[in-house]
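Reading the structure
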2 protein chains.
Amino acid sequence: MNFKLIKSEILFRGKVFDLQVDELEYNTGNRGIREIAVHPGGAVVVPVKNDGKIVMVRQFRYPFQKFFLELPAGKLDKGEDPLTCAARELEEETGYSTGDIVKLGKISTTPGFCTEVLHIYLTRNLKEGRHNREEGEYGMEILEFSPQEIEEKIIGGNIIDAKTICGIFMAKGYLS
Amino acid sequence: MNFKLIKSEILFRGKVFDLQVDELEYNTGNRGIREIAVHPGGAVVVPVKNDGKIVMVRQFRYPFQKFFLELPAGKLDKGEDPLTCAARELEEETGYSTGDIVKLGKISTTPGFCTEVLHIYLTRNLKEGRHNREEGEYGMEILEFSPQEIEEKIIGGNIIDAKTICGIFMAKGYLS
């Protein structure tokens, strides 16, 4: 390393992330600051129906005050296994449940300033059921698209959520 | 909407992002909090050399205390056009410059709690030059890979940066 840590402080403890600010000293003597959003991470699911369509959610994203089309996903509960989180969020958001779930990989959403890691899963052999959304998940809708329709929406700018684009990329070998 | 905004506060003004906390009241009378990392956004480049290889950077990511393999990218300066930012970051990080740059799209890295939008570009006909890195960009290395090697690294878990995976996905039509 070309620096040493001088001070590390949690300036805010949040429901979704904490704010950590570190002060560094470079070998040159210059000082620098690092701001970090400390996030517990989460899980993302690519739910593939027997007809090959992918189940997605349209949801209101508060920071943008807009609706986004995304794969089902959510934050890890404290100590929760990412696979359990993936199955739980799938069921809560869409009503679908499954025992057929495989890991595709993981992503870091924005590694320059945030510790968030999302674990990405593929689910098949879905069973329909009732969803169980939180009050904050206002106006959430379930929609289904073929992999080709999703790819067109990504290229056309109608899907801009990074985890969704990464999930579709990683699921490629499983999609028809 | 099923809520109204009660209060909005900037709790911290940072170099990379600000922390905004909003208090909401739902129609049911329940209250909720939204934590937002307010980020200026940035630009990402997929730099394609004449031999078809893609120029990438290996850089230290402080929140993970690890090196990540990524596409060249950086934050927008105040009032900066994303295309200008893309060309500037390419040159600063890799030394390559170009006049041949096309927009591929944009992504939202983590829309649940962060306003960051990254604009994604493809560059070709690169001219070699000298890079000009910041002190914080410790140990940065330039590496080149074929699109197929990059895809193998994504599937194999050796590239986990979301903007890089999205950039490669969006550049597909241009890569051989």
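These numbers were taken from a predicted model, which means no experiment stands behind them.

Topic: the relation of the copies chain B and chain A
Under the fitted operation, chain B is carried onto chain A by 0.0 Å of movement along the axis and a turn of 180°, and the coordinates agree to an RMSD of 0.0 Å. Such a combination of turn and shift is consistent with a two-fold rotation axis. In this assembly the copies share their binding face: 100% of the residues contributing to the interface of chain B also contribute to that of chain A.

A few points about the packing of helix α3 (residues 162–171) of chain A against helix α3 (residues 162–171) of chain B
Interaxial distance between α3 of chain A and α3 of chain B falls to 9 Å at its minimum, and their mutual angle equals 60°. The orientation of α3 of chain A relative to α3 of chain B falls into the category oblique. Of the two elements, α3 of chain A crosses α3 of chain B, and the hand of that crossing is left-handed. For the pair α3 of chain A and α3 of chain B, the contacting residues are A162, K163, I165, C166 and F169 of chain A in the first and A162, K163, I165, C166 and F169 of chain B in the second.

Here's the deal with the domain arrangement of chain A
Residue and element names in this part refer to chain A. The domain boundaries assigned to chain A delineate domain 1 (3–38) and domain 2 (42–174). Measuring from the centre of the C-alpha atoms in domain 1 to the corresponding centre in domain 2 gives 31 Å. In this complex, domain 1 contributes five residues to the contact, which on the side of domain 2 involves four residues. Grouping the constituent residues of the side of domain 1 that touches domain 2 by class yields four nonpolar, no polar and one charged.

Observations regarding the sheet that holds strand β1 (residues 3–12) of chain B
All names here are of chain B. Taken together, the three strands give an open sheet; going across it, the order is β1-β2-β3, and neighbouring strands pair in antiparallel fashion. Edge positions in the sheet fall to β1 and β3 (31–38), since each has one partner strand and no second. For this sheet the average axis-to-axis angle between neighbouring strands, irrespective of direction, equals 20°. When strand β2 (residues 18–26) meets β3, the two strands line up antiparallel, connected through eight bridges. Within β3, the residue paired with D22 across the bridge is R34.

Thoughts on the pairing of strand β4 (residues 42–47) of chain A
All names here are of chain A. Extensive coverage of β4 is indicated by the burial of six of its six residues. Here β4 shows two buried faces, one formed by G42, V44 and V46 and the other by A43, V45 and P47. Judged from the three bridges that link them, β4 and strand β7 (residues 73–75) form a sheet pairing that is antiparallel. Note on β7: the bridge partner recorded for A43 is G74. Where β4 and strand β9 (residues 117–124) come together, six bridges link them in parallel fashion. Bridge pairing in β9 places V46 opposite L122.

Calculation notes
- Residues numbered from 1 in each chain as written.
- Chains lettered and ligands numbered in written order.
- Predicted model: local features only at pLDDT ≥ 70, side-chain atom pairs only at ≥ 80, totals over all residues.
- Least-squares fit on C-alpha atoms with pLDDT ≥ 70 in both.
- Contact = placed C-beta atoms within 7 Å.
- Axes fitted to C-alpha atoms, helices over the stretch in contact; angles between N-to-C directions.
- Helix = DSSP H or I, 4+ residues; strand = E, 2+ residues; numbered from the N terminus.
- Parallel < 35°, antiparallel > 145°, perpendicular 65-115°, else oblique.
- Left-handed = near helix turned anticlockwise from the far one by under 90°.
- Domains from an automatic or database assignment.
- Nonpolar A, V, L, I, M, F, W, Y, C, P; charged D, E, K, R; others polar.
- Pairing = 2+ DSSP bridges.
- Buried ≥ 20, exposed ≤ 12 C-beta atoms within 10 Å, placed from the backbone.

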